[in-house]
Structures are given as C-alpha cells and as structure tokens.
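Topology and contacts: notes
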Amino acid sequence: MALIEIEKLVKRYGFVPALRGIDLAVERGECVTLIGANGSGKSTLIRLLCGLSKPTSGTIRIGGWMIPGEAEAVRAQIGLIAHKPLLYEGLTGRENLVFFARLYGAKPDRVDAMLERVGLSKRADDPARAYSRGMMQRLSLARALLHEPDVLLFDEPYTGLDADSSATLDSIILETRAEGRTLIMALHDFERAARLSSRIVLLARGKVAHDSAEQGAAVDAAALAALYAAAGGSSGRINP
Amino acid sequence: MEAARGAHPLSAEMPASQARTGTIALTVLTILTIFGVIFGLYMGLVRAGTDIDQGSVQRIFYIHMPSFFGAMLAFGAAVVGGIMYLRTRQHKWDTLSLAGVEIGIALALVNLVTGAIWARPIWNTWWNWDPRLTADAIMVLTYAAYLMLRSGIDNPDTRRRFAAVYGIIAFTSVLMVLIIPRIIPTTIHPVVIGPVFTSSELAQGGFELQATAGVGAALGINFIVWMFLIPITLLWHRIRLQNLADRVEAMKTEALSS
Amino acid sequence: MTAAFLRAMIAVARKDFRAEARSRELLSLMGLFSLLSILIFSFALELNRTARLEVVGGVLWVTILFASILGLNRGMALEREGGGMDALLIAPIPRGAIFAGKLIGNFAFAFTVGVLLTPIMSALYTVPALQPSVIGALALGTLGIATVGTVLAALIGATRARDSLLPILMLPVALPVLIAASRASGGLLTGAANADAGAWLLGLALMDAIYLLVCGALFGFVVEEG
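Below or above, wherever it landed, is the structure these notes cover. Remember, it's a predicted structure, so these values are computed and weren't measured experimentally.

1. Structural notes on the overall build of chain A
- When helices and strands are counted, chain A shows 9 helices and 10 strands.
- Here chain A holds 240 residues, and 55% of them are scored as buried.
- Considering only residue pairs separated by 6 or more positions, chain A has 69% of its internal contacts joining residues 24 or more positions apart.
- Per element, the accessible surface of chain A, about 9200 Å² overall, is 51% carbon and sulfur.

Pasting the structure below:
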C-alpha cells in the first residue's frame, strides 16, 4: 500500500470547484512536485493534505490514517513549509522551536540539533521579528522537521527567497529526500521541479492533467513547459 | 456527518409536482395569515373592551407583545438553523437561519415601534432608557451585527459557518430581554406574562388580563397571528426566495465555468 | 481532559505569556487605554461623590470591556501575523486545547488589567474597592468576556472587515456579563449593604459556565476551514 493514497478528492468553495476529483498514490520516499497555473488546485491540495481544510468529498489516507476522521493522527506525520513561515515573530527562534516541540511532543534536545542543522545556532536567541526572509524560512524548515515527519509538504516555499536561501532550501530538500522522507511540493519553477523531484504531477482546473509516473517519461524542464502550455494554463475564477 | 455536507442546490432540486404542492400550501397559508391579521385587528380594535385607565392606547398591546414573541420564534429558528448547519453542512439550514434573523428583526422593529407609540401617552415620552427597552434595542442591534458579519465574508462556506456560530451566540440577547425586567428592579416596563422576581411597583401602564371584556380573546387571536402565522409564513416566503436566488447563482456559476 | 489536551493547552498559554513577557505589548496597550478611559469618564460625567459611587461599577466594567476588545484584536493580529494560527491548526492537538490555551491567555490579560485598575479607581474616586468580593467579580466577569472574546476574535480574523467588526459583534453579546459584573461590583464598591451581590456573583458564574460550554463547542467550527 502506498504511503499516501488520495481517492476521488473533491473540494468546492461554495459553488466554485477547486478540486474536481483527484486520484493519486504516492509511495514512501517519492518526491512529487505539483505544478499548474494559479487556481489549478495545487495549494488547495496541499491544504487538504495537512488538514487545514476539509474535503467536500473523497478521502486521503496517509500512513494508514484517514482524512476525514483521523485528521489528528494524520497531522502528526506531516511537516508543512508554506510561503508564510507559520511562526511567531514575537518569540525568539529557540522559543518558537521549543513551543512547537511541546505541541508535537518532540524531545526538547531536538531543538538545538535542528537550529544547528539550519544554521541558526548563533541567532537562536534573537526575536524572529529581526530575522531576514531567508532565516525565517530556515527556521520554518526546522519547525517542520522537529518531529521527524514522514511526509513533508511544501507550498511555494521559494516565494521571496534570495539566491543563498534558495540554495540552502534546495540542499535541505535533497537531504530530506536522502533520509527517505516523502515530499510533496507545489512549485512554479519548472527547472527546479525537474532538478529536485522524482515525479511531476501537472494539475489543471482541479484535475490531474499529467503524471510523469504513469507516462514513464523522464522529467525535464522543456517537456514540462510544453505540457503546461498544452494543459491550457489558467482556468481563472477559482479563489482558494 | 462528513458525507452529507455541501449538497449542491442543483442536485437538490425538487420534483415539479412536489414544488407545486408546496406553492399551493404557501398560498393558502399566506391568505390565512392575511385574514388572521385582519381578524386580529378587528378583535383588538373593535371587540375588546376599552381599558379603564389607558383608554384605547392599551389596544396597541395586542400587536406589541405578540410581535415580540414572533420575533423570538424567528430568532429561535435561526438558532436551530445554525446548529443544524454546523452538524450537516446543508445549505438549507443556513437559509433557515438567515430568514429567521431577517424576519426576527422585522418583528422586533414592529415591537419597538408599537412600544414607542404606546409609551408616548402613557410614559409621556417616545423612548426612555428603561432596561427592557434598552435590552430590546440591543437585541435588534445584535442581529444587525449578524447581517453585517454575513456581508463581510466573501467565501460562501465561511460565511455560512460563521453566521451559524454568531446566530447561536446572538440568541443570548433575546434571553436578556426576557430576563432583564425580572431581575433589574428599576424597570418601569410592566411584566404582563410570567413570574416576576423583584418588585415591579415602579411599573407604569400594566393592566389586568381579565379586567375588561374580550381582552383575553383578542390577545389569544393576536398571539396566534403574530407569534405563529406571520413568522412562519414570512419564513417560508423568505426561504423560497433564497432557494430561487441560490439556483440562479448556481446556474450562473455553471454557465460561466463550462 | 486527557494529559495530551492539558499539555497542548498549557503550551499554547505559555507561548502567549512568553511573547507578552518579551514585548509587554498587550498589557501596556490595554493598561494605557484603561487609564485614559477612567479619566475621560470622570471628566465627561463630572462626577460628584454621590454620582461617582453610583456609576463606579459601570465605569470600571465598560473600561475593562473596551480594553479587552482592544487586546483581543491585537492578540489575534499577532496570532495571524506569521501564520501562527495555521501552525496551531496543523499541529496534532485537539481544537479544544487551542481554545482553552488562548482563553487562558486572554483571561489573564483582562484580569490583570482589571486588578491593576481597581486600586487606581479606588484612589481616584475615593471608594473602597480592594475587597475580596470585588476581585471575585473581576475574575468571573473577565472570564466571561474572555470566553466570548476568544471565539469572536478568531471569527473576526477571517472576515474582510477585520478589527472594526469585533466591538459590534462583541458588545451586545458581552452585555449580560457586563450587567451582572457591574451589579456585583457596584454594590460592593459603594460599601452599601448589597444583599444581591452574592446572587449576582452566582449568576455571573452560571453565565460563565454557559458561555464556556457554548463557545468551547463552537470554537472548533470557527477555526476549521470549510
């Protein structure tokens, strides 16, 4: 059984459909990139996977636990990195991680290890408000990895990052892949998607328009761009 | 609970025969209500005896008090709609909630205005800051806030969910109107029905239900009309209107996205 | 309540206290507002001694209520600023623990302001305010305000109107608490024999219990996204 199984997933906001029936199975250790125009349903899918939003119909199964119904157990296996840092700017970096370690029941000594890993040990006792965008995103990574989640979700994590921070994020993504975690990312950047991931899923108008695993084709940026154009880009009007 | 949520209004379309039966029933109820209002007015204005102290001014009570209880019924319907919406996520319950609030506000305004008209000759002022009047006004404002909350949220699902939550909490303002004159001793508003826990010696303008001939009958008829017939008829009309509006909206969305 | 629930609740509350200890933003905002409010009331009402004694409970509670609304608005803004609310929602903790944790924080800030305010009012208006029963009324009253406020502030966070709507939604709903609390502390403050004070406190406790149940049940529906 695959680690993540999505079946007939539908999400509507009012009358407006955001996802129109997604079926997708992701094996342990895969790194799946979701690409698609704005409004194609990438972010909605990520929000559903981490339990921030509830499906209109259909199910998600992660590690044997079901959404809806066992959302709390599902959330325990997931780490999320979004374009917002999901941190408290009024606390220091260390205080943030200590707080989230408590919420996730992670061991307190993980905090220092994680600060070390994302290169924030020296600035750990500065308020997060004083951090640069890149430092925030690294702290956000540390938060997402604190509880050793099986699944990491990335929702446009490169938004607003400079070249250095992007490189750090790249290397951490590759490291977590090497550790055997399962990654699902929503990205805009074809070149990066091709470089980092093992599988590309193209979403268009709330459906899977192309799945590189099914087609068995090699993933490269030029092919992606062609597929993206073929899928017709924007469906407009959908407002997640 | 999860499976039943979010029924699409187009899929919930009623069969034509059933819809026609509904329309006929609604027409009958509407006619009944209109006659009820006329009959209630006749009973209150003509048949019931004139109050010894207050004269004909007292007759406004036949509408004043029943309209408050009609508002209470409508706001109560909003609470039921809110609870059921949160449990089932079916749009019809939210529609009931919205209709309940709007009709409740209308009846509460009838209650307030008739009260002011009555107070002018009896208390010699349109308005005073009597606790019950104030609580009544605050109740209307609470539900005005409910409507404002609805208009402040774009996402329709969020709007329904938050409206349900606030509609439930807002009912405390209705309870306040019932409770306040019974616990605050300084009110001059007469308590006509139900137990009184503190002295209402200050109350001015109360009357004995049995004192004058025909008063009980007139009050009874008007209670049936204003507490049940009017709110239920209006609720039905408002819900029907909302369903039609939702269908137009759904068809518009369908047409635009295909 | 399970141990996990309590752990999460305490963690959320501690997080709020930690942030407040660092910035002192909420308490200084609410405290300063309260002082200004008391001064404005005393000028606007041109209070002589008798009038003061009669309205002092009302002034105290209107001030606390408005200060709470101010604090709740700011607190929710802080929570949303970096996406903190989303971070709480994706953590494997029950929604009820988030509500309880936020409630502890909101209550503690409102109660602190009330407790600081009472001796000041006592001095400014020359009324005997520092009595255990006044503190009791403060505790129960601010608990009621914080309970309603925690749910409504969370609700406001997702609307277009944002901050401006919170007072409108909250004032009417907090009114029963306001009345009961000012009745309970008003009589106590004047020192007049107020046989009803005990009954008002009991009523206040009952109201708190109802609000806790209703708001606790509704909070999950507010924060979950449809």
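2. Topic: the overall build of chain B
- Scanning chain B from N- to C-terminus turns up 6 helices and 0 strands.
- With 258 residues in all, chain B has 51% of them scored as buried.
- Restricting to contacts in chain B with at least 6 residues of sequence separation, those with at least 24 account for 76%.
- With an accessible surface of roughly 12000 Å², chain B has 69% of that area assigned to carbon and sulfur atoms.

3. Quick notes on the sheet that holds strand β6 (residues 78-81) of chain A
All names here are of chain A.
- The sheet built from 6 strands is open, its strands ordered β6-β7-β8-β3-β9-β10 with mixed pairing. What marks the edges here is a single partner per strand, and that holds for β6 and β10 (207-211). Within this sheet the neighbouring strands show an average axis-to-axis angle of 20°, counted without direction.
- As defined by bridge partners, strand β7 (residues 151-155) adjoins strand β8 (residues 182-186) across 5 bridges and the pair is classed as parallel. Residue pairing in the sheet places Val151 in a bridge with Thr182 of β8.
- Contacts from helix α6 (residues 163-178) reach β3 (31-35), β7 and β8 within the one sheet, and its direction differs from that of β8 by about 145°.

4. Quick word on empty space enclosed by the protein
All names here are of chain C.
- For the coordinates displayed, the defined rule picks out 6 cavities of 30 Å³ or more.
- As a volume, the largest cavity reaches approximately 260 Å³.
- As for the largest cavity, its lining consists of 21 residues, and the residues nearest its centre are Asp16, Ala19, Gly75, Leu78 and Glu79.
- A per-element tally of the lining of the largest cavity places helix α3 (residues 49-81) first, with 6 residues.
- Here the residues of the lining of the largest cavity sort into 7 nonpolar, 5 polar and 9 charged.

5. Quick look at helix α8 (residues 197-223) of chain C
Residues and elements named next belong to chain C.
- Between its terminal C-alpha atoms α8 stretches 37 Å, which fits the 39 Å expected from 27 residues at 1.5 Å a residue.
- Ala217 marks the point of greatest bend in α8, at about 25°.
- Taken together, the buried positions of α8 are Ala197, Trp200, Leu201, Leu204, Asp208, Tyr211, Cys215, Leu218, Phe219, Val222 and Val223.

6. Let's talk about the nonpolar core
- Grouped together as the largest cluster of nonpolar side chains are 194 residues, with contacts concentrated most on Leu103 of chain A together with Tyr143 of chain B.
- Ignoring anything within four residues of it in the chain, the contact list for Tyr143 of chain B reads Phe75, Val101, Ile105, Gly167, Ala170, Phe171, Ser173 and Val174 of chain B.

7. Focus on the pairing of β8 of chain A
All names here are of chain A.
- In terms of residue burial, β8 counts as a mostly covered element, since 5 of its 5 residues are buried.
- By the alternation rule, side chains of β8 split into Thr182, Ile184 and Ala186 and Leu183 and Met185, which are all buried.
- Two elements, β3 and β8, share 4 bridges in a ladder whose sense is parallel. Bridging from a neighbouring strand, Cys31 pairs with Leu183 of β8.
- At this point the chain moves from β7, through α6, to the parallel β8, and the crossover so formed is right-handed.

8. Quick word on the sheet that holds strand β2 (residues 16-26) of chain A
Residues and elements named next belong to chain A.
- Spatial ordering of the open sheet is given by β2-β1-β4-β5, a layout of 4 strands whose pairing is antiparallel. A strand with exactly one partner marks an edge of an open sheet, and here the two such strands are β2 and β5 (65-67). Neighbouring strand axes in the sheet, compared pairwise and without regard to direction, differ in orientation by 25° on average.
- Relative to β5, strand β4 (residues 57-62) runs antiparallel, the two sharing 3 bridges. Paired with Ile60 across the two strands is Ile67, which belongs to β5.
- Against the sheet, helix α1 (residues 42-49) makes contact with β1 (4-13), β2, β4 and β5, and its axis sits at roughly 115° relative to β1, the strand it touches most.

9. Considering the interface of chain C and chain B
- At the junction of the two partners, chain C supplies 27 residues and chain B supplies 23 residues.
- Taken together, the two surfaces of chain C and chain B that pack against each other cover about 2300 Å², and 77% of this comes from carbon and sulfur.
- At the junction of chain C and chain B, the tally comes to 0 salt bridges.
- If you look at where chain C meets chain B, you find 3 residue pairs in polar contact (both at pLDDT 80 or more).
- Residue assignment for the side of chain C that touches chain B shows that the elements contributing at least two residues are α6 (132-156), α7 (165-190) and α8 of chain C.
- Looking at the side of chain C that touches chain B element by element, the count peaks at 9 residues for α7 of chain C.
- Taken together, the residues of the side of chain C that touches chain B break down into 21 nonpolar, 2 polar and 4 charged.

10. Regarding the interface of chain C and chain A
- Contacts between the two partners involve 28 residues from chain C and, on the opposite side, 29 residues from chain A.
- Across the interface of chain C and chain A, roughly 2600 Å² is buried in total on both sides, 56% from carbon and sulfur atoms.
- In this structure, the connection of chain C to chain A is made through 3 salt bridges.
- Across the salt bridge formed by Arg22 of chain C and Glu95 of chain A, the nearest N and O atoms sit 2.6 Å from each other.
- Among the secondary structure elements, those contributing two or more residues to the side of chain C that touches chain A are α1 (3-23), α3 and α4 (84-89) of chain C.
- Looking at the side of chain C that touches chain A, the element that brings in the most residues is α1 of chain C, giving 8 residues.
- Here the side of chain C that touches chain A is composed, by residue class, of 13 nonpolar, 4 polar and 11 charged.

Basis of the calculations
- Residues numbered from 1 in each chain as written.
- Chains lettered and ligands numbered in written order.
- Predicted model: local features only at pLDDT ≥ 70, side-chain atom pairs only at ≥ 80, totals over all residues.
- Heavy atoms only, no water.
- Helix = DSSP H or I, 4+ residues; strand = E, 2+ residues; numbered from the N terminus.
- Buried < 20%, exposed > 50% of the residue type's maximum accessible area, 1.4 Å probe, protein only.
- Contact = heavy atoms within 4.5 Å.
- Areas by Shrake-Rupley, 256 points an atom, 1.4 Å probe, with all protein chains shown as cover.
- Pairing = 2+ DSSP bridges.
- Axes fitted to C-alpha atoms, helices over the stretch in contact; angles between N-to-C directions.
- 1 Å grid on protein atoms, 1.4 Å probe; cavity = no way out; pocket = protein on both sides within 12 Å on 5 of 7 lines; lining within 4 Å.
- Points joined across faces, edges and corners; volume = space filled by probe spheres on them.
- Nonpolar A, V, L, I, M, F, W, Y, C, P; charged D, E, K, R; others polar.
- Expected span 1.5 Å × (residues − 1).
- Bend = angle between axes of the 7 residues up to and from the residue.
- Core = buried A, V, L, I, M, F, W, Y, C linked by side-chain atoms within 4.5 Å.
- Right-handed = clockwise from strand over helix to strand, strands pointing away.
- Buried area = accessible area lost by both parts, 1.4 Å probe.
- Salt bridge = Lys/Arg side-chain N within 4 Å of Asp/Glu carboxyl O.
- Polar contact = N/O pair within 3.5 Å; in protein donor to acceptor, adjacent residues only side chain to side chain.

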